[in-house]
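Here is what each chain is made of, one letter per residue.
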Amino acid sequence: MKKLKEFLFLSDKGYKDLKKAIVACTITNLALMLPFCVTVMLFNELLNPYVGKQIAWNHIWLLWGIGVVSAVLVFLAARNDYRKTYIASYQESNKTRLNIAEHLRKLPMSFFNTKDLSELTTNMMSDCSSMESMLSSTIPPLIANGITVTLTCILLAFFDWRLALCMYITLPVAFLIIWLSKNYQKKLFERQVQAKLDASSQVQEYLEGMKIIKSCNLSGSHFSALNKALLSMKKIAVKVEMICGVFMSSASMILQAGIGIVIFVGTMLLVKGEIELLPLLMFFLMVTRIYGPILAILSQLTTLLNLNVVTERMRTLLSTSVMQGNDKEIENCDIELEHVTFRYNTKDVIKDVTCKIPQGSITALVGSSGSGKSTISKLIARFWDIQKGTIRVGGKDIRTMEPESLMRKMAFVFQDVTLFNDTVFNNISIGNPNATEEEVMAAAKAAYCDEFVRNMPDGYQTVLGENGSTLSGGERQRISIARALLKNASIIFLDEATASLDPENEVLVQKAIAQLVENKTVIMIAHRLRTVVDADQILVLDDGKLVEYGTHNELMKKKGVYQKLYHIQQESLGWTI
Ligand SMILES: Nc1ncnc2c1ncn2[C@@H]1O[C@H](COP(=O)(O)OP(=O)(O)OP(=O)(O)O)[C@@H](O)[C@H]1O
């Protein structure tokens, strides 16, 4: 049982609930035997005239009474069983989903580099659902059925051990069939899980790429990839059903052959006068009922034996170590990079970078596309841990800092703004969930959001749709600035937020940014060099190396990479189409 707890990642409460559910299921099973016993006793009374006795009508009425009471008991036991199994298992799987979400938040970004989104969605939804059904409709009934069948077996052996033996003689063979087929079934099951993952990944890609598929008329090739994935999922599902069906039917046929054996042996014993009619009838009745729970055990056993297939991915996910660090406070916001080298996969993308970003300064990161500007800013925010060197904020190595505490000091305004399918108000207040309504409004006003938000159908309570699809680029950008303003972090990262905006929106966003960066340490990733002319220092990156640094004037005088880039951009401004 302890193993089961680890296997299913149960909390202490979940484990206790599971044990309660097993007891509740066993009680239901035992309660279900009451009407059966009453029926046997009724038979006994009604058969009295055939053995020269009188029917005792008071007994019959008493048995009727017991029958009604046992029906009520069955109802109460079933209700209790439902509460203890289903409700508890839904609560537990909800907790597991939240645990996964919480764990994901603490994982380094390198983990997400190796996972695709649909796999994580499957983890949270489908794997948790499988565990939910294990907890509700597989494990408690399976164990309860096991207990009931064993108890019944012992009870029947007291009546007549020979018939009890006949009843259970086929059971080991049926179990053996399922046991021997378990490895084969597991392989099939693994293939089915993989096919489902592939299909959901294809569906996600298809939906995400809908715009491109439509605009480039790619319907044929993309649809065929999706079609192929769905087809192979169907094929493997049919195969699994068929093969599992064959094993289950064989086990069930062999098991139920026990009915014939009981009838045959029972009749022989009756003819020889070694058994009375009533116990024989009881065995006949029992034999038709007992195989139901045993078959249920057999079919659930397959699922239980494949449990690790379902839990394997969850285990990998939940056992991936989270980012370490306990320090919560920093004294200032001076940032220092010392011989920093970093790679995402195999190739170094940041190479031996050493630089200082003083508190309260504006530092611009410039360089050609792919030179490592975004990577440097993500490393300072500890989205990834570096492989060589040290990054310090306020004099402390960021690897010793608790990622959340570090993140509290930082706010980001990126070009690709992420908005949630929630109200405008909630999208802004993500910056500081404890902010009052007035503070949220003030941040929205300062970020020039107030006017367009008030023109929306429900004002601040308007739901934005998935990723704010109903807003323009500039509006989305201003909401993200309001969010950052509300966070009031000391270090601001700007990924040249205005690069893709029209002039009118650009002016508004620039004004909002001016409010945001006042008295802050600012790191801006600049694509257009005219925006960095006033920066306190400019770091020039080339192929992951820091090749130059200084102010605009200093770098222009150097006549190096920066000056070259600057001139190229100046020339391009003069181009017309
Ligand atoms: N998540 C990632 N996984 C693997 N490689 C990545 C990842 N992100 C970036 N890279 C690679 O790292 C290198 C630096 O990328 P980065 O985004 O930091 O450059 P950049 O200077 O910001 O580029 P741009 O100006 O085009 O945004 C590139 O070669 C890029 O392909």
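Model, not experiment: these values are computed from the prediction. Counting from 1, residues in each chain are numbered in the order their sequence is written. This being a predicted model, a pLDDT of at least 70 is required before a residue's local features are given, and a value of 80 or more before pairs of side-chain atoms are given or counted; all residues contribute to the totals for chains, interfaces and linings.

Helix and strand definitions follow DSSP, with helices as H or I runs of at least four residues and strands as E runs of at least two, each counted in order from the N terminus. For the protein, the count of helices and strands is 21 helices and ten strands. Here the protein holds 577 residues, and the buried ones make up 31% of them. Contacts in the protein between residues at least 24 apart in sequence constitute 78% of all its contacts with a sequence separation of at least 6. The exposure label follows from counting other C-beta atoms within 10 Å of a residue's C-beta, where the C-beta atoms are placed from the backbone and the thresholds are 20 or more for buried and 12 or fewer for exposed, leaving partly exposed in between. Contact between two residues is assigned whenever their backbone-derived C-beta positions fall within 7 Å.

On to the nonpolar core. Residues of type Ala, Val, Leu, Ile, Met, Phe, Trp, Tyr and Cys that are buried and joined through C-beta atoms within 7 Å form what is called a nonpolar core. Of all hydrophobic cores here, the largest spans 68 residues; its most connected members are Leu365, Val366, Ala447, Ile481, Ala482, Ile492 and Ile538. Tallying contributions element by element places helix α18 (residues 473–487) first for this core, with six residues. Setting aside residues up to four positions removed in sequence, isoleucine 481 forms contacts with Val413, Ala447, Val509, Ala512, Ile513 and Leu516. Core analysis: the second largest hydrophobic core is formed by 44 residues, Ile22, Cys25, Phe189 and Ala251 among them.

Attention shifts here to the site of the ligand. Using a C-beta atom placed from the backbone, a residue is scored as near a molecule or strand whenever that atom is within 6 Å of it. Neighbouring the ligand are twelve residues, the closest being Tyr344, Ser369, Lys373, Ser374 and Thr375. Basically, the charged four are Asp, Glu, Lys and Arg, the nonpolar ten are Ala, Val, Leu, Ile, Met, Phe, Trp, Tyr, Cys and Pro, and anything else, Gly included, counts as polar. Broken down by class, the residue content of the shell around the ligand amounts to two nonpolar, nine polar and one charged.

Criterion used throughout: strands pair if DSSP finds at least two bridges between them. The mixed open sheet is built from six strands, whose spatial order is β6-β7-β8-β3-β9-β10. Strand pairing shows two members of the sheet lacking a second neighbour, β6 (410–413) and β10 (545–550), which therefore form its edges. Within the sheet, the average angular offset between the axes of one strand and its neighbour, ignoring direction, is 20°. Looking at chain direction, strand β3 (residues 362–367) and strand β8 (residues 521–525) are connected through four bridges and run parallel. Lines fitted to the C-alpha atoms define the axes, with helices restricted to the stretch that makes contact. Angles between their N-to-C directions range from 0 to 180 degrees.

Moving on to helix α2 (residues 12–46). For α2, built from 35 residues, the straight-helix expectation of 51 Å at 1.5 Å per residue is met to within 8% by its first-to-last C-alpha distance of 52 Å. The complete set of buried residues in α2 reads Gly14, Asp17, Leu18, Ala21, Ile22, Ala24, Cys25, Thr26, Thr28, Asn29, Ala31 and Val38. Summarising the contacts, the buried residues of α2 are in contact with α3 (57–106) and α5 (117–159). Working rule for helices: expected span equals 1.5 Å times residues minus one.

This brings us to the confidence of the model for the protein. The score called pLDDT rates the predictor's confidence residue by residue, from a low of 0 to a high of 100. Scored by pLDDT, the protein comes out at a mean of 84, with 94% of its residues at no less than 70. Both confidence scores are given for the complex: pTM 0.67, ipTM 0.96.

A word on the pairing of β3. Residues in a regular strand point their side chains to alternate faces of the sheet. For β3, a buried count of five out of six residues is recorded, marking the element as mostly surrounded by other parts of the structure. Sheet topology note: the β3/strand β9 (residues 537–542) ladder contains five bridges and is parallel. Counterpart to alanine 364 in the pairing with β9 is isoleucine 538.

On to the sheet that holds strand β1 (residues 335–343). Strands sit in the order β2-β1-β4-β5 across an open sheet of four strands; the sheet is antiparallel. The sheet is open, and its two borders are formed by β2 (348–357) and β5 (396–397), each paired with just one other strand. Examined bridge by bridge, β1 and β2 share six bridges and lie antiparallel to one another. Across the sheet, the residue bridging to glutamate 336 is lysine 356, located in β2. On the sheet, helix α13 (residues 373–380) packs against β1, β2 and β4 (388–393) and is oriented at approximately 65° with respect to β2.

UniProt positions are given in the numbering used here, feature names are shortened, and annotations may be inferred rather than shown by experiment. The sites that carry the UniProt feature "transmembrane region" (unreviewed entry) are, in the present numbering, residues 21–43, 55–78, 139–159, 165–181, 243–271 and 277–298. Measuring from the first to the last C-alpha atom of residues 21–43 gives 34 Å, for a span that is 100% helix and 0% strand. This span, residues 139–159, is 100% helix and 0% strand, and a straight line between its end C-alpha atoms measures 31 Å.

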